[in-house]
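# Survey of secondary and tertiary structure
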Amino acid sequence: MQQNDPNVTLITPSAPVATATHGGRAKCLQRLVRLELPVPKTVALSFDQVHRIASGELPNIGAMLEPFGNAPLLCVRPSSEDPDWGGPGSVLNIGMNDAVYIDLCDKLGQEAASAMYRRFVQSYAIHVARLDPDMFEDVTLEGSEGLSEVLRAYEDETEEVFPQDPAVQLAEVLRSMARAWEGTTARLLRQAKGAPADAGLGLVVQEMAMGMGRGECGSGVIQLVNSKTGEPQITGRYKSQSQGRDALSAGTEALYLERDPRGPSLQELAPQAFEELVAHTKLMRIRLREQMQAEFTIEDGKVHILDGVRVARSARAAVRITVSLAEDGIITKEEALLRIEPRAMNELLHRQVDPDAQRDPIAFGIAASPGAASGRIVFSAAEAQASAARDEACILVRRETSPEDIRGMHAAVAVLTERGGMTSHAAVIGRGMGLPCVVGASSLKFNLRNNVLTSQDGREFRAGDVITIDGTNGEVLAGEAPLQEATQDDAFLALMGWADELRDIGVRANADTPADAQTARNFNAQGIGLCRTEHMFFEADRLTVMREMIFADDSEDRRAALERLLPMQREDFVELFRIMQGQPVCIRLFDPPLHEFLPSDRAGHRELAEALDLPLSDVTRRVEALSEYNPMLGMRGVRLGITMPEIYEMQARAIFEATIAASRDGDPVVPEIMIPLVSAKREVELVKTRVDAVAVAVRNETGVEFEYRLGVMVETPRAALRAGEIAPQCSFLSFGTNDLTQMTYGLSRDDAGRFMSTYVQQGVYPEDPFHMLDTEGVGELLSIGASRAREAQSDLTLSICGEHGGNPESIAFCRAAGFDYVSCSPFRVPVARLAAAQLAVRDKMFGKSAN
């Protein structure tokens, strides 16, 4: 073997080995060699070399064997760039033949030698010769007799003697593993895990450390932390007289590592070897700057380290491990922040299905709101409220939700809908409430007339049946799945504190209720970036009054109804202001079309007629008169505020009176009032005039001065394009990317889920634009709007308040475009804080181009 050949190289401290050319395992072994740990002699084959082997071009096998001396026993292991991409299984004991067997019988004993030879023959037969594994099922004898049977079975099946030349054995194993990696099935599997189509495979050829024989021999794995919690704990398994990862196989009689009351341990059996293993693993943590799991073999009491891999971990464990490394000075705070995937924070903030639990999936949909919950199926908001009153957990199942379902959603522990996408009503409200939600579960057949769900395999689920919603992965599971509780411990708080020290863009929360505001406050949001006032009117005591206002014949009657809503709305705002303790609160004026507050079926019309003491025909006519062909583009937002100005005047008065009340008892409040769905400068002028007039009236009535800021929610393409003329009327512009995406694409966000997966799969869109901000199309409108607005008014505050605000990629775009803050659902605030900090750290470490 040529010493300077990077494609086939003995692993030494200075060998030309890299993860990008030889894979992660080869590189890790070199690092262990540099630490002078007891690593068996190893040769690394590069990606290019393995590709040539798959094509039939073998390296000089004789030269490859030279470093291992005479009659070596070897193992071959895969070494891909990312261990998650998998690879062919390891093959142990290469080099076993009749002569070596006789020699090992003398050295190790016949039982150990027979087991090793038999293991290799069976592995070679299955993975290299591609024989049926069932051919060995009839072999029941152990020891030398069992070995003879296995050899005979091989010879009978292949009609040739088992190969005795170690060079032939090694060549065939290398060829088999190389070709397995480049096969179609393996390629598709690793691509599903995120690997590129041309991902390479390296191989490592390593001298065997026996793990079997006389004295204390065996194999196992060790790590110093708990994989679920990240807490310090020596964990792993060890099995005497074993090889490879036998200790981890189900049903094996493995030992514990540390002394344990449940059974015997390696610490008791071989205390010196145990202490060496702990010392080696601690050294790996310090020098490799990571918590590592070491695979080891003990050969007659002597420890050999065969491999080191990053400890598998839950999101909770990842945070604790990373924070611990930083607090111990092994890595910096900046590096700690970069090591945590922002979206993984969802696992800490919500209950999750236990990853070790058995799953019985009945449907898949869009993972619209993370977390998991189990409960009985209910098919209406009223049933959900009744279930909650009985203290029974329930899952609200709807074809799609509407504002009428708000109370049912509050009562349910999770929501499942047949239709919808990432910005549908159920998804947005679910994320805001921290409610697990799966939408667009079209693989389930929803029969809402008979209240039955039918899965693709024919199973039926009726009201009262228990299911589990996994909103993190978009799965619907039969029965009650085991759950892991959410955790926000000291490590989480420390990481978030570091994030806040380093990030340079603000993070607010979208919060509609006091509960939402408290959640936002708990997650250290820097204020409320969007308070949707319409959700306040769906409470039972307000809905009837709201409907009276809708049915009013003239302005005076509308004002009379709104006078009854005023104190309720004022108390809502007082509570929000008090919770936020002087932090900014941006209140969007009334936005939805009025028909959303009216019942849609005949029974609802009858109930409404009774409540309002009106003829049923009058109610029906009024409902029909308010119906629109496309209500989301009809009489809503600022259009409603201009045609029915009494609504916005009442809300402005409620805001100003609440400002005075909350400021009297606590920190001064400066409310932000946002006008929705603007498309023309004149709309802003008209509303601004009325809001300013209400402010003057409240000041005169109370004798109290207060400040407020007026701004526009940019949701229409025209508003973005005409931002230069709108900006001088405002203190801020907040881009509502949900509606802006909808209008830019001409897509209904509630219906896009039906075909969006097909569009993404076929490359029409790289991602669902309601899930990830379209930086090319919608993003260009944001950039144009921001640029023109700032040209007209340089101190204008810019933000986004759509669901994209919690998306790390969207935050990167907004930060680069000069936005002041992003606003997202309360439970996504930690995700946004971490993502924003990572952007600042990357800029500091690598320059602007890193983003």
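The structure under discussion appears in the preceding block.
Here the structure is a predicted model, which is why all the values come from computation and not from measurement. (Residues numbered from 1 in each chain as written. Predicted model: local features only at pLDDT ≥ 70, side-chain atom pairs only at ≥ 80, totals over all residues. Heavy atoms only, no water.)

## Concerning the overall build of the chain
Helix and strand counts for the chain come out as 33 helices and 30 strands. The dimensions of the chain, computed from C-alpha atoms along their principal axes, are 105 × 60 × 55 Å. Taken over 851 residues, the chain has a buried fraction of 56%. Only carbon and sulfur atoms are counted for the fraction: they give 47% of the accessible area of the chain, which is about 35400 Å². Distance between charge centroids for the chain: 4 Å, based on 87 positive and 122 negative side chains. (Helix = DSSP H or I, 4+ residues; strand = E, 2+ residues; numbered from the N terminus. Buried < 20%, exposed > 50% of the residue type's maximum accessible area, 1.4 Å probe, protein only. Areas by Shrake-Rupley, 256 points an atom, 1.4 Å probe, with all protein chains shown as cover. Lys, Arg positive; Asp, Glu negative; His and termini not counted. Charge placed at Lys NZ, Arg CZ, Asp CG, Glu CD.)

## Notes on the sheet that holds strand E18 (residues 452-454)
Strand order in the open sheet formed by 3 strands is E17-E18-E19, with antiparallel pairing between adjacent strands. Each end of this open sheet is capped by a strand with a single partner; those strands are strand E17 (445-447) and strand E19 (460-462). Averaged over all pairs of adjacent strands, the angle between their axes in this sheet comes to 20°, without regard to strand direction. (Pairing = 2+ DSSP bridges. Axes fitted to C-alpha atoms, helices over the stretch in contact; angles between N-to-C directions.)

## Concerning the nonpolar core
Ranked by internal contacts, the top residues of the largest apolar core, which has 131 residues, are Phe656, Leu733 and Phe735. Considering every element that reaches this core, the biggest residue donor is helix H25 (residues 645-665), with 11 residues. The contact partners of Leu733, leaving out residues within four places of it in the chain, are Val712, Val714, Ala723, Ile726, Ala789, Leu796, Thr797, Leu798 and Ser799. Ile53, Ala54, Cys75 and Met116 belong to the second-largest nonpolar core, a separate cluster that totals 58 residues. (Core = buried A, V, L, I, M, F, W, Y, C linked by side-chain atoms within 4.5 Å. Contact = heavy atoms within 4.5 Å.)

## A closer look at unusual backbone geometry
For residues that are not glycine, phi is negative in most cases, and the peptide bond is trans in most cases. Within the chain, Asn93 stands out as a residue other than glycine whose phi angle is a positive 70°. Within the fold, Asn93 resides in strand E4 (residues 91-94). Here the phi dihedral of Asp391 falls at roughly 60°; this positive angle occurs in a residue that is not glycine. Relative to the assigned elements, Asp391 resides in the loop between helix H15 (381-389) and strand E14 (394-398).

## Regarding the environment of Gln838
Along the polypeptide, Gln838 turns up in helix H33 (residues 829-846). Residue class for Gln838 comes out buried when judged on its relative accessible area of 4%. When the C-alpha atoms of Gln838 and Asn510 are compared, they prove to be 22 Å apart, with 328 residues separating the residues in sequence. Setting aside residues up to four positions removed in sequence, Gln838 forms contacts with Leu337, Leu338, Ile340 and Pro342. Only 2.7 Å separates the side chain of Gln838 from the backbone oxygen of Leu337, close enough to count as a polar contact. (Polar contact = N/O pair within 3.5 Å; in protein donor to acceptor, adjacent residues only side chain to side chain.)

## Some details on the packing of aromatic side chains
If you walk through the whole model with that rule in mind, you get 18 aromatic pairs. Between the aromatic rings of Phe537 and Phe590, the centroid separation amounts to 5.9 Å while the plane-to-plane angle is 55°, which identifies the pairing as tilted. Of this pair, Phe537 sits in the loop between strand E24 (528-532) and helix H20 (540-551) while Phe590 sits in the loop between strand E25 (585-588) and helix H22 (602-612), placing them 53 residues apart in sequence. For the pair Phe537 and Phe590, a shared accessibility class is recorded, and that class is buried. In this structure an aromatic cluster arises from ring pairing among Tyr101, Tyr117, Phe120, Tyr124, Tyr154 and Phe162. Between the NZ or CZ atom of Arg237 and the centre of the ring of Tyr256, over which it lies, the distance is 5.0 Å. (Phe/Tyr/Trp six-rings, centres within 6.5 Å; stacked < 30°, edge-to-face > 60°. Lys NZ or Arg CZ within 6 Å of the ring centre and 35° of its normal.)

## Concerning the environment of Tyr117
Mapped onto the secondary structure, Tyr117 falls in helix H6 (residues 110-127). According to the relative accessible area criterion, Tyr117 is buried, its value standing at 0%. Apart from the residues within four sequence positions on either side, Tyr117 is in contact with Met96, Asn97, Asp98, Tyr101, Leu147, Leu151, Phe162 and Gln164. Within polar-contact distance, the side chain of Tyr117 engages the side chain of Asp98 at 2.9 Å.

## Let's talk about the pattern of salt bridges
Under the defined criterion, the tally for this structure stands at 56 salt bridges. A salt bridge links Asp512 to Arg532, with the shortest nitrogen-to-oxygen separation between them at 3.1 Å. Of this pair, Asp512 sits in the loop between strand E23 (506-510) and helix H19 (514-522) while Arg532 sits in strand E24, and the two are 20 residues apart along the sequence. Like Arg532, Asp512 is buried. The closest approach of N and O atoms between Arg588 and Glu534, which form a salt bridge, is 2.4 Å. Of the two residues, Arg588 is situated in strand E25 and Glu534 in the loop between E24 and H20; the sequence distance between them amounts to 54 residues. Residue Arg588 is classed as buried on the basis of its relative accessible area, which comes to 7%. Accessibility expressed as a relative area gives 6% for Glu534, which makes it buried. Connected through salt bridges with shared partners, the residues Arg289, Glu290, Arg310, Arg313, Glu335 and Arg339 form a single ionic network. (Salt bridge = Lys/Arg side-chain N within 4 Å of Asp/Glu carboxyl O.)

## Quick look at the side chain of His605
For His605, the position within the fold is in helix H22. On the basis of relative accessible area, His605 is assigned to the buried category, the value being 9%. Polar side-chain contacts of His605 include one of 3.1 Å to the backbone oxygen of Pro599.

## Some thoughts on the layout of surface pockets
In this structure, the second largest pocket spans a volume of roughly 1300 Å³. Around the second largest pocket, the lining is made up of 37 residues, and of these Pro83, Asp307, Gly308, Val309 and Arg310 lie nearest the centre. Listing elements by their share of the lining of the second largest pocket, those giving two or more residues are helix H2 (24-34), strand E3 (74-80), E4, H6, strand E8 (292-299) and strand E9 (302-310). Residues of the lining of the second largest pocket, tallied by class, amount to 11 nonpolar, 13 polar and 13 charged. (1 Å grid on protein atoms, 1.4 Å probe; cavity = no way out; pocket = protein on both sides within 12 Å on 5 of 7 lines; lining within 4 Å. Points joined across faces, edges and corners; volume = space filled by probe spheres on them. Nonpolar A, V, L, I, M, F, W, Y, C, P; charged D, E, K, R; others polar.)

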